[in-house]
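Close look at the chain arrangement
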Amino acid sequence: MAAKRAPGDPRGGAPSDDHHEAQRLRIGVLAAQGDFEAHLHMLNSLGARAHEVRTAEQLAKLDGLVIPGGESTAIIKALERDGLEPAIREHHGSGRPIFGTCAGMIVCDRNHLGLLDVTTRRNAYGRQMQSFECELTVEGLGADPLRAIFIRAPAIESHGDSIEVLAARGDHPVVIREDGVLACAFHPELTDDSRLHALFMAIATRQRDERAQVDAHGSRRVGVGR
Ligand code: GLN
């Protein structure tokens, strides 16, 4: 039996190890600004090969991208400054998933990258409720509630029919999905419950399999580099 490896250990070795290594999802976490380290840690603990993304080159051919919480204005400025917007569009257009959390959800909305058919309102909970925690039942994550930490969180004010609402708090959806784009209004990386990241990795695995099938049948080339 192969020895158990610590997550993130790049050690090669026996053929089965190489196979295992090739199967690991390559997930990038946008590290322009904000809370990216806890995401890296969580993704690695689930068996992904997660790394920081600051340039378009680092974004190429990833199996998934996380856009973390932070300050949406700073993240958007950094995307423009570093020429990352076309790279994110290419990532999305080639059938690769994105997980936007808190400010990352704002970045994906109609008024910014336009990858989610939602309108968000920044800092929607006012001064009294800058930060709070609650328990959410999230569709697809089982009966156990998920503890959600909201920090100066945005609210989804309106959304199109293509948006699947996986969890809501009152009238406001707080976990949503539109095809390969998953988003939540809170910080899922700050608890030890990794189920949303696991869901994202399941989406990434499925999309990777779909791209491989398309490639194998040669009907359409996907993920073409520039
Ligand atoms: N208030 C931040 C914004 O508007 C989002 C906060 C967060 O990501 N925790 O960008």
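For clarity, every value in this text was computed on a predicted model and none was experimentally measured.

1. Considerations on the overall build of the protein chain
When its secondary structure is counted, the protein chain shows 7 helices and 11 strands. Looking at the protein chain as a whole, 36% of its 226 residues are labelled buried.

2. Digging into the site of the ligand
Within the structure, the ligand sits among Gly 69, Gly 70, Glu 71, Ser 72, Cys 102, Ala 103, Ile 106, Arg 122, Asn 123, Ile 151, Arg 152 and Pro 154. Of the residues that constitute the shell around the ligand, the class distribution is 5 nonpolar, 4 polar and 3 charged.

3. What about the nonpolar core?
Residues Ile 27 and Cys 108 are the most contacted members of the largest nonpolar core, which totals 56 residues. Top element by residues in this core is helix 7 (residues 195–217). It accounts for 6 residues. Discounting chain neighbours no more than four positions away, the residues touching Cys 108 are Ile 67, Ile 98, Gly 100, Leu 113, Leu 115, Leu 116, Val 181 and Ala 183.

4. Describing the environment of Asn 123
Position of Asn 123 relative to the elements: it lies in the loop between strand 5 (118–121) and strand 6 (131–136). The class for Asn 123 is partly exposed, based on 13 C-beta atoms found within 10 Å. The sequence separation of Asn 123 and Ala 153 amounts to 30 residues, and the corresponding C-alpha distance is 5.2 Å.

5. Describing the sheet that holds strand 9 (residues 164–169)
Strand order in the open sheet formed by 7 strands is 2-1-3-4-11-10-9, and the pairing between neighbours is mixed. Two strands bound the open sheet, and with one partner strand each, they are strand 2 (49–53) and strand 9. Averaged over all pairs of adjacent strands, the angle between their axes in this sheet comes to 20 degrees, without regard to strand direction. Direction of pairing for strand 1 (residues 26–30) relative to strand 3 (residues 64–67): parallel, over a ladder of 3 bridges. Paired with Gly 28 across the two strands is Leu 65, which belongs to strand 3.

6. Examining helix 2 (residues 37–45)
At 3.6 residues per turn, the α-helix brings residues three or four places apart onto the same side. Every buried residue of helix 2 is listed here: His 39, Leu 40, Met 42 and Leu 43. The buried side chains of helix 2 occupy one side of the element, clustering within an arc of 170 degrees when seen end-on. Against strand 1, strand 2, strand 3 and helix 7 lie the buried residues of helix 2. In the segment just after helix 2, Gly 47 is the residue with positive phi, at about 100 degrees.

7. Observations concerning the confidence of the model for the protein chain
A residue-level look at the protein chain finds 89% of positions with pLDDT of 70 or above and a mean pLDDT of 90. A low-confidence stretch, residues 222–226 stays under pLDDT 50, and its non-local contacts, those more than four residues away or across chains, total 9 contacts.

8. Section: unusual backbone geometry
Backbone geometry places Lys 61, a non-glycine residue, at a positive phi of 60 degrees. Of note, Lys 61 is situated in the loop between helix 3 (56–59) and strand 3. The residue Arg 152 is not glycine, and still its phi comes out positive at about 40 degrees.

9. Brief notes about helix 4 (residues 72–81)
Taken as a whole, helix 4 has its buried residues at Ser 72, Ile 75 and Leu 79. Burial along helix 4 is one-sided: seen end-on, the buried residues are contained in an arc of 65 degrees. Of the residues in helix 4, the exposed ones pointing more than 90 degrees away from the buried face are Glu 80 and Arg 81. At its buried positions, helix 4 is contacted by helix 5 (84–93) and helix 6 (103–108). In the stretch just after helix 4, Gly 83 is the one whose phi turns positive, near 60 degrees.

10. Comments concerning the pairing of strand 7 (residues 146–151)
Where burial is concerned, the two faces of strand 7 differ: the one with Leu 146, Ala 148 and Phe 150 is buried and the one with Arg 147, Ile 149 and Ile 151 is not. As paired elements, strand 6 and strand 7 share 6 bridges and run antiparallel to each other. Its bridge partner being in strand 7, Phe 132 is matched across the sheet by Phe 150.

Calculation criteria
Residues numbered from 1 in each chain as written. Predicted model: local features only at pLDDT ≥ 70, side-chain atom pairs only at ≥ 80, totals over all residues. Helix = DSSP H or I, 4+ residues; strand = E, 2+ residues; numbered from the N terminus. Buried ≥ 20, exposed ≤ 12 C-beta atoms within 10 Å, placed from the backbone. Near = placed C-beta within 6 Å. Nonpolar A, V, L, I, M, F, W, Y, C, P; charged D, E, K, R; others polar. Core = buried A, V, L, I, M, F, W, Y, C linked by C-beta atoms within 7 Å. Contact = placed C-beta atoms within 7 Å. Pairing = 2+ DSSP bridges. Axes fitted to C-alpha atoms, helices over the stretch in contact; angles between N-to-C directions. Arc of directions from axis to C-beta. pLDDT = per-residue confidence, 0-100.

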